[in-house]
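Report on the structure
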Amino acid sequence: MAAAAPWLLLVSIAARLAWTYLAPNGANFVDLHVYVGGAGTLDHPGTLYDYVYADQTPDFPLPFTYPPFAAVVFYPMHLLPFGLVALAWQLGIVAALYGVVRVSQRLLSVDDDFAKGRRVAMAWTAVGIWLEPLRSTFDYGQINVLLVLAVLYAVYSTRWWLSGLLVGLAAGVKLTPAVSGLYFLGARRWGTVVFSAVVFFATVGVSALVVGDQTRYYFTELLGDASRVGPIGTSFNQSWRGGISRILGHDAGYGPVVVVAIAVTAVLAVLAWRALGGADDRLGAIVVVQLFGLLLSPISWTHHWVWVLPLMIWLLHGPLRERLGAQILGWGWLVLTIVGVPWLLSFAQPTIWVISRPWYLAWAGLIYIVATLVTLAWIASTRPTFLRSRRSPGPSPHPYR
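Computed from a prediction, not measured in an experiment: that's the story for all the values here. Each chain has its residues counted from 1, following the order in which its sequence is written. Given that the model is predicted, a residue must reach a pLDDT of at least 70 before its local features are reported, and side-chain atom pairs must reach 80 or more before they are shown or counted; all residues, however, enter totals for whole chains, interfaces and linings. The side-chain numbers reported here are obtained from all heavy atoms of the structure, hydrogens and water having been left aside.

Glancing now at the overall build of the protein. Only DSSP runs of H or I reaching four residues or more are called helices, and only runs of E reaching two or more are called strands; each is numbered from the N terminus. On a plain count of helices and strands, the protein comes out with 20 helices and two strands. Note on method: radius of gyration uses C-alpha positions; expected globular size equals 2.2 Å times residues raised to 0.38. For the protein, whose C-alpha radius of gyration is 21 Å, the value lies close to the compact-globule estimate of 21 Å for 401 residues. Counting across all 401 residues of the protein, residues that qualify as buried make up 57%. A sequence separation of at least 24 residues applies to 74% of the contacts in the protein between residues at least 6 apart. Every accessible area reported is derived by Shrake-Rupley at a probe size of 1.4 Å, with residue values counting cover from the shown protein chains alone. Of the roughly 17,000 Å² that the protein leaves accessible, carbon and sulfur atoms contribute 69%. Under this rule, positive means Lys or Arg and negative means Asp or Glu; His and the chain ends count for nothing. The location of each charge is read from NZ of Lys, CZ of Arg, CG of Asp or CD of Glu. Treating the 25 positive side-chain charges of the protein as one cloud and the 17 negative ones as another, the clouds have centres 13 Å apart. The cut-offs for exposure are 20% and 50% of the maximum accessible area for each residue type, with area from a 1.4 Å probe on protein chains only; residues under the lower value are buried, those over the upper are exposed, and the others partly exposed. A contact between two residues is defined here by any heavy atoms of the two lying within 4.5 Å.

This is how it looks when you write it as structure tokens:
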């Protein structure tokens, strides 16, 4: 398969573009329209968070929900023809996806051909294009793959200023990468923690200068308003809040049930972190942190779950790859995301706004959540014997010998 990987990747890219431009229900780029349209409002001060895109989503006019710094970053795109931006965006997603695979390879503490295999990376990229998180990323024109790449490279880099810069900028564009700070705290990379916070607040300062009072409005009034981001109960929301809301039939908010579920997840994540020797296994550790973040967030759309690709790489090629549990989980995640169970369940909901549904559909909507709990619990139960040495942010010895 590795020998044919370049051709497989070309075919996969061609098929993805054919789906986008030739299929009747190909990509609509609704989120990319929001990026570009929202950024364009900077020409009219004070209107950023009044902007909505509803041309293709009349039942859900999409507002600009990102930090104001995102509008500053996206601003140049509104000066170009949208068709050109959309094509370049798709090709950029493919390139970033390949980057995610390559950095994941370099983070693995294993000595085999996989860690050096560009062809293997091409094969994973070709497959990754068709995972549900990537399918929705392409369809909507989302940015999550780029953010995952930035965080992974921040973990890979030993330069505190570069790692901090990447995390801070990523959080400035979209708040979700901020959970990566837990990894750097656990790894005791204090310089990265401090500098990422400095960079993030610098993005706020730049936003205040360029966007004006809309910056204050976002951080004091809009931040935390999940209802503005989207429908909590849709099957596409694979967070604890979404899953429990579907079971209860109403928005559970961060009530007692959700808080207890998050607390259980946090305990499993800490135990999994400790089983991995903390940051000794850098890819495994950052994946554990991101899985916790996905369940913690009020809304984790399926396109937020790009992190399952590094997870599968870690399970199937990492230091525990020879264990039966790693094989079952790795291939299980691959099947789940190729099939796209939340996507299938979406056909059974009358609209994205309806939270109440038959019990069997509500419980089935926990699919990614349950798979995450099983994964964290399995990692926590591995109890490997580590070569103990002083931790450093650089490459570590093989931890499972």
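Here we take up the packing of helix 4 (residues 82-107) against helix 6 (residues 132-140). One way to put it is that helix 4 packs onto helix 6 with a least axis distance of 10 Å and a crossing angle of 155°. In terms of their interaxial angle, helix 4 and helix 6 are classed as roughly antiparallel. As for how helix 4 packs across helix 6, the hand of that crossing is right-handed. Touching Gln90, Ile93, Val94 and Leu97 of helix 4 are Leu134, Thr137 and Phe138, all from helix 6. Think of it as three bins: nonpolar holds Ala, Val, Leu, Ile, Met, Phe, Trp, Tyr, Cys and Pro, charged holds Asp, Glu, Lys and Arg, and polar takes everything else, Gly as well. By residue class, the composition of the contact of helix 4 with helix 6 is five nonpolar, two polar and no charged. Lines fitted to the C-alpha atoms define the axes, with helices restricted to the stretch that makes contact. Angles between their N-to-C directions range from 0 to 180 degrees. Orientation labels follow simple angle bins: below 35 degrees gives roughly parallel, above 145 gives roughly antiparallel, 65 to 115 gives roughly perpendicular, and whatever is left gives oblique. By the definition used in this description, the sense in which the near helix is turned from the far one sets the handedness, with an anticlockwise turn below a right angle giving left-handed and a clockwise turn giving right-handed.

Okay, the packing of aromatic side chains next. Only the six-membered ring of Trp is used, alongside the rings of Phe and Tyr, when aromatic pairs are assigned; centres must lie within 6.5 Å, and planes under 30 degrees apart are stacked while those over 60 apart are edge-to-face, with the rest tilted. The final tally for this structure, using the stated rule, is 21 aromatic pairs. Joined through ring pairs, the aromatic side chains of Tyr35, Tyr49, Phe64, Tyr66, Phe74, Trp89, Phe200, Phe201, Tyr217, Tyr218 and Phe219 make up one cluster.

Moving on to the packing of helix 14 (residues 256-275) against helix 20 (residues 367-380). Where helix 14 contacts helix 20, the two axes come as close as 7 Å, and the packing angle between them is 40°. Between helix 14 and helix 20, the crossing angle belongs to the class labelled oblique. The handedness of the crossing between helix 14 and helix 20 is left-handed. Contacts from Thr265, Leu268, Ala269, Leu271, Ala272 and Ala275 in helix 14 reach Leu373, Leu376, Ala377, Ile379 and Ala380 in helix 20.

The subject of this paragraph is the environment of Gln238. Here Gln238 lies in the loop between helix 12 (226-229) and helix 13 (240-248). Given the relative accessible area of 0%, Gln238 is considered buried. It is 9.2 Å that separates the C-alpha atoms of Gln238 and His304, two residues lying 66 residues apart in sequence. What Gln238 contacts, discounting residues up to four positions off in sequence, is Arg246, Leu294, Leu295, Ser300, Trp305, Pro342, Gly365, Leu366, Ile367, Tyr368 and Ile369. At a separation of 3.0 Å, a polar atom in the side chain of Gln238 contacts the main-chain carbonyl oxygen of Ser235. What qualifies as a polar contact is a pair of N or O atoms within 3.5 Å, subject to a donor-acceptor requirement within protein and to the restriction that residues adjacent in sequence count only when both atoms come from side chains.

With that settled, consider the pattern of salt bridges. By definition here, a salt bridge exists when the distance from a side-chain nitrogen of Lys or Arg to a carboxyl oxygen of Asp or Glu is within 4 Å. Considering all chains together, one arrives at four salt bridges under this definition. The partner of Arg216 in a salt bridge is Glu221, and the shortest N-O contact between them spans 3.6 Å. One salt-bridge network, in which partners are shared between bridges, spans Asp213, Arg216 and Glu221.

Let us look at a nonpolar patch on the surface. Two distance rules govern patches: like charges are joined within 9 Å, and nonpolar side chains (Val, Leu, Ile, Met, Phe, Trp, Tyr) within 5 Å, applied only to residues with over 30% relative accessible area and no salt bridge. Judged by side-chain polarity, Ile247, Leu248, Trp359, Tyr360 and Trp363 come together as a nonpolar surface patch covering roughly 610 Å² of accessible area. Residue assignment for the nonpolar patch shows that the elements contributing at least two residues are helix 13 and helix 19 (359-364). With three residues, the top contributor of residues to the nonpolar patch is helix 19.

It is worth spelling out the side chain of Thr215 at this point. With respect to the element layout, Thr215 can be found in helix 11 (residues 213-222). Assessed through its relative accessible area of 5%, Thr215 is described here as buried. Polar side-chain contacts of Thr215 include one of 3.1 Å to the backbone oxygen of Ser207. In this structure, Thr215 is in contact with Pro68, Val204, Ser207 and Ala208, ignoring residues within four places of it in sequence.

The next point concerns helix 14. Multiplying 1.5 Å by the residue count of a helix minus one yields the expected span of that helix. In a regular helix each residue adds 1.5 Å, so 20 residues correspond to 28 Å; helix 14 covers 29 Å between its end C-alpha atoms and thus fits that length. Within helix 14 the residues assigned to the buried category are Val258, Ala261, Ile262, Thr265, Leu268, Ala269, Ala272, Trp273 and Ala275. On an axial view of helix 14, the arc spanned by its buried residues comes to 155°, and they lie on one face. Exposed residues pointing more than 90 degrees away from the buried face of helix 14 are listed as Pro256, Val260 and Arg274. Looking at the buried side of helix 14, the elements it contacts are helix 9 (181-186), helix 13, helix 15 (282-296) and helix 20. One or two steps after helix 14, the chain reaches Gly277, where phi turns positive at roughly 75°. Directions are taken from the helix axis to each C-beta atom, and the arc is the one they span.

To continue, consider unusual backbone geometry. Phi is positive for Phe29, which is not a glycine, with a value near 55°. If you check the backbone angles, Arg188 has positive phi at about 60° while not being a glycine. Examined against the element boundaries, Arg188 turns out to sit in the loop between helix 9 and helix 10 (190-211).

Let us look at helix 10. At 3.6 residues per turn, the α-helix brings residues three or four places apart onto the same side. A rise of 1.5 Å per residue sets the reference length of helix 10, with its 22 residues, at 32 Å; its end C-alpha atoms lie 31 Å apart and thus fit the reference within 8%. All of the buried residues along helix 10 are Thr192, Ser196, Val199, Phe200, Thr203, Ser207 and Val211. Buried residues of helix 10, seen end-on, are gathered within an arc of 100° and therefore sit on one face of the element. Exposed side chains of helix 10 directed beyond 90 degrees from the buried face belong to Trp190, Val194, Phe201 and Leu209. Structurally, helix 10 contributes buried residues whose contacts are with helix 3 (68-74), helix 8 (160-173), helix 9 and helix 11.

Tracing the backbone shows Phe201 in helix 10. Each C-alpha atom, one on Phe201 and one on Thr65, is 18 Å from the other, the two residues being 136 residues apart in sequence.

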